[in-house]
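So the chains spell out like this:
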Amino acid sequence: MCYSFKIDFLFLVTFAIILITLIVKLLPETHPKVNRKHFSLLKIIFTLLRDSKVLSLSIIIGGCSGIGFSYFAESAVLLEKLGLTPSQYGTSYIIISAGMMTGGFSSKKLQDTFHSIEIMVLGIKIILITCVIFCCLILLNTVIIIPDILLVCIIVLSQTVIMHGSRMTNSNAMALALTKYKWCTGTASSIFGFIYYCIMSLVKFGMGLLHNGTLFPMPIYFLAIAGIMALVSKNLVLKFYPQIY
């Protein structure tokens with residue numbers, strides 16, 4: 001039996017309603033009322049928007065997350081054209097999830113020796129180098145015909161390594177972003193999340209505009225995004241963490 005894609009959205013809406021209800025009913029406020037302070041929301045918003053460190057880290061997180069979501073949208077079409085069945089495509093996410101897990105483990109291990117900014121930069125370098133190799137291999141397909149199954153392996157493994165680097169990057173970027181906003185952590189983190197989600201949405205929208213049904217837009221676009229993140233991270237380090245160089 002073939003089910004409509006609308007069922008997916010119906011399931012998500014239903015799950016969201018249940019989750020919100022459980023949070024409201026079962027998750028009490030832990031911050032005592034007498035200790036709460038009220039701050040101007042507009043003041044916090046404008047302060048964050050003028051903070052170059054926050055904006056730089058928003059671009060980095062939005063870029064990493066945007067690459068991930070762009071892959072989810074684009075690869076479904078490309079891998080189907082290369083012969084993957086829906087079940088095989090779904091199974092490929094186990095490999096990609098492993099990359100995310102190992103990225104988290106690597107980041108945790110490196111915390112014993114390196115500063116968070118260094119781990120973040122390392123994660124971006126992993127993404128950039130992988131995107132360069134990914135691009136070269138896909139472009140090579142125009143000269144030497146690469147079998148479809150090998151192209152599938154190239155795409156999935158490239159994204160696995162990219163997600164490894166993204167997890168290293170994002171976890172440390174988030175830790176660095178709001179260190180001086182402890183006086184309004186909850187509000188600041190909400191606004192910060194909104195900013196990088198907007199950037200992530202723009203990255204994904206760009207992937208949609210470039211989609212033409214061929215293999216080329218995705219690796220080239222990912223390389224461009226990775227290059228932007230590398231430049232932003234370099235400026236960030238020079239401005240706020242010069243001791244690293």
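Rules used throughout
- Numbering of residues begins from 1 in every chain and follows the order in which that chain's sequence is written.
- At least 70 in pLDDT is required for a residue's local features to be given in this predicted model, at least 80 for side-chain atom pairs to be given and counted, and no such filter applies to totals for whole chains, interfaces and linings, which use all residues.
- As a convention, hydrogens and water are excluded, and side-chain values are obtained from all of the structure's heavy atoms.
- Labels follow the DSSP assignment, with helices taken as runs of H or I lasting at least four residues and strands as runs of E lasting at least two, numbered in each case from the N terminus.
- Only protein chains enter the accessibility calculation, which uses a 1.4 Å probe; a residue is then buried when its area is under 20% of its type maximum, exposed when over 50%, and partly exposed in between.
- Two residues qualify as a contact provided that any one of their heavy atoms is within 4.5 Å of a heavy atom in the partner residue.
- All accessible areas in this document rest on Shrake-Rupley with a 1.4 Å probe, and a residue is counted as covered only by the protein chains that are shown.
- His is not counted, nor are the chain ends; Lys and Arg add positive charge and Asp and Glu add negative charge.
- Charged groups are reduced to one reference atom each: NZ for lysine, CZ for arginine, CG for aspartic acid, CD for glutamic acid.
- Cavities and pockets were defined on a 1 Å grid built from protein atoms only: a cavity is a group of points that admits a 1.4 Å probe but offers it no way out, a pocket is an open group of points flanked by protein on both sides within 12 Å along at least five of seven lines, and a lining residue is one with an atom within 4 Å of any such point.
- Grid points are joined across faces, edges and corners, and a volume is the space filled by probe spheres set on the points.
- Note on residue classes: Ala, Val, Leu, Ile, Met, Phe, Trp, Tyr, Cys and Pro are nonpolar, Asp, Glu, Lys and Arg are charged, and everything else, Gly too, is polar.
- The pLDDT score gives, residue by residue, the confidence of the prediction method on a 0 to 100 scale.
- Each aromatic pair joins two rings of Phe, Tyr and Trp (for Trp, the six-membered one) with centres within 6.5 Å, and gets the label stacked for planes under 30 degrees apart, edge-to-face for over 60, and tilted for any other angle.
- A residue counts toward a patch only above 30% relative accessible area and without a salt bridge, and it is joined to like-charged neighbours within 9 Å or, for Val, Leu, Ile, Met, Phe, Trp and Tyr, to nonpolar neighbours within 5 Å.
- Salt bridges, as used here, are contacts in which a Lys or Arg side-chain nitrogen is within 4 Å of a carboxyl oxygen on Asp or Glu.
- In these notes, a set of buried Ala, Val, Leu, Ile, Met, Phe, Trp, Tyr and Cys residues joined through side-chain atoms within 4.5 Å is what counts as a nonpolar core.
- Polar contact is the term for a pair of N or O atoms within 3.5 Å; when the atoms are in protein, one must be able to donate a hydrogen and the other to accept it, and sequence-neighboring residues count only if both atoms are side-chain atoms.
- Only the stretch in contact is used when fitting a helix axis, every axis being a line fitted to C-alpha atoms; angles between N-to-C directions are given from 0 to 180 degrees.
- Note on convention: the crossing is left-handed when the near helix lies turned anticlockwise from the far helix by less than a right angle, right-handed when the turn is clockwise.

Q: Any chance you could explain the overall build of the chain here in plain terms?
A: Along its length, the chain carries eight helices and zero strands. Reading the chain from its N end, one meets helices and strands in the order α-α-α-α-α-α-α-α. Expressed along its principal axes, the backbone C-alpha trace of the chain runs to roughly 65 × 55 × 35 Å. For the chain, the proportion of its 245 residues judged to be buried stands at 39%. Sequence separation of 24 or more characterises 83% of the internal contacts of the chain that already satisfy a separation of 6 or more. If you sum the accessible surface of the chain, you get close to 14,700 Å²; carbon and sulfur atoms cover 72% of it. Here the chain contributes 18 positive and 8 negative side-chain charges, whose respective centroids are spaced 14 Å apart.

Q: Just checking my understanding: could you explain the layout of surface pockets for this structure?
A: In this approach the atoms are scanned with a rolling probe the size of a water molecule, which exposes any empty space left behind. Approximately 290 Å³ is the volume found for the largest pocket. What lines the largest pocket is a set of 14 residues, among which Ser65, Phe69, Met100, Met163 and Asn170 lie closest to the centre. Elements supplying a minimum of two residues to the lining of the largest pocket: helix H3 (52–81), helix H6 (148–177) and helix H7 (185–210). Here the lining of the largest pocket is composed, by residue class, of nine nonpolar, four polar and one charged.

Q: What am I meant to see in the confidence of the model for the chain here?
A: Detailed reading of predicted coordinates is not advised where the pLDDT is low. The share of residues in the chain with pLDDT of 70 or more is 95%, and the mean pLDDT across the chain is 91. Confidence, expressed as mean pLDDT per element, reaches its minimum in the chain at helix H1 (residues 6–26) with 89 and its maximum at helix H5 (residues 116–140) with 97.

Q: For this particular structure, what's the right way to read the packing of aromatic side chains?
A: Two aromatic rings are characterised by how far apart their centres lie and by the angle between their planes. Under the definition given, this model contains nine aromatic pairs. Taken together, the ring pairs connect Phe69, Tyr71, Phe72, Tyr89 and Tyr93 into an aromatic cluster.

Q: Where do I start with a nonpolar patch on the surface in this structure?
A: On the surface, a cluster of nonpolar side chains totalling about 760 Å² of accessible area is made up of Phe9, Phe11, Leu12, Phe15, Leu19, Ile23 and Leu27. By the secondary structure assignment, Ile23 is in helix H1. Given a relative accessible area of 43%, Ile23 falls into the partly exposed group.

Q: Could you clarify how one ought to interpret the pattern of salt bridges in this entry?
A: Opposite charge on two side chains makes pairing possible when the charged atoms of those side chains draw close. Summed over all chains, the structure comprises one salt bridge. When the shortest N-O distance is used, the salt bridge between Lys180 and Asp51 registers 3.4 Å. With Lys180 in the loop between H6 and H7 and Asp51 in the loop between helix H2 (41–49) and H3, the pair connects residues that are 129 residues apart, well separated along the chain. Judged by relative accessible area, Asp51 falls into the buried class, the value being 7%.

Q: Help me understand the side chain of Ser166 in this model?
A: Within the secondary structure, Ser166 sits in helix H6. In this structure, Ser166 is in contact with Cys64 and Ile127, ignoring residues within four places of it in sequence.

Q: Explanation requested: the environment of Gln159 in the structure shown.
A: When you line up the elements, Gln159 lands in helix H6. Counting along the chain gives 26 residues from Gln159 to Ile133, while the straight-line C-alpha distance between them is 11 Å. With residues up to four places along the chain from it excluded, the contact list for Gln159 reads Ile67, Gly68, Tyr71, Ile96 and Phe222.

Q: Would you explain the nonpolar core in this entry?
A: General note: in soluble globular proteins, nonpolar side chains tend to be found buried as a group. Membership of the largest hydrophobic core comes to 56 residues, with the highest contact counts inside it found for Leu57, Tyr71, Leu79, Met120 and Phe222. At the level of elements, H2, H3, helix H4 (86–110), H5, H6, H7 and helix H8 (217–240) are the ones that each hand at least two residues to this core. The dominant element in this core, judged by the number of residues it contributes, is H6, at ten residues.

Q: Before we go on, may I ask you to explain the side chain of Thr160 in this structure?
A: You can see Thr160 is positioned in helix H6. In this structure the side chain of Thr160 is engaged in a polar contact, spanning 2.8 Å, whose partner is the backbone oxygen of Val156. Setting aside chain neighbours within four positions, we find Thr160 in contact with Ile95, Ile96 and Gly99.

Q: What is the right way to read the packing of H7 against H8 from this model?
A: For the pair H7 and H8, interaxial distance at closest approach is 10 Å and the crossing angle is 150 degrees. Judged by the sense of rotation from one axis to the other, the crossing of H7 with H8 is right-handed. For the pair H7 and H8, contact is made by Leu202, Val203, Gly206, Met207 and Leu210 and by Pro217, Met218, Tyr221, Phe222 and Ile225, respectively. Here the residues of the contact of H7 with H8 are counted per class, giving nine nonpolar, one polar and no charged.

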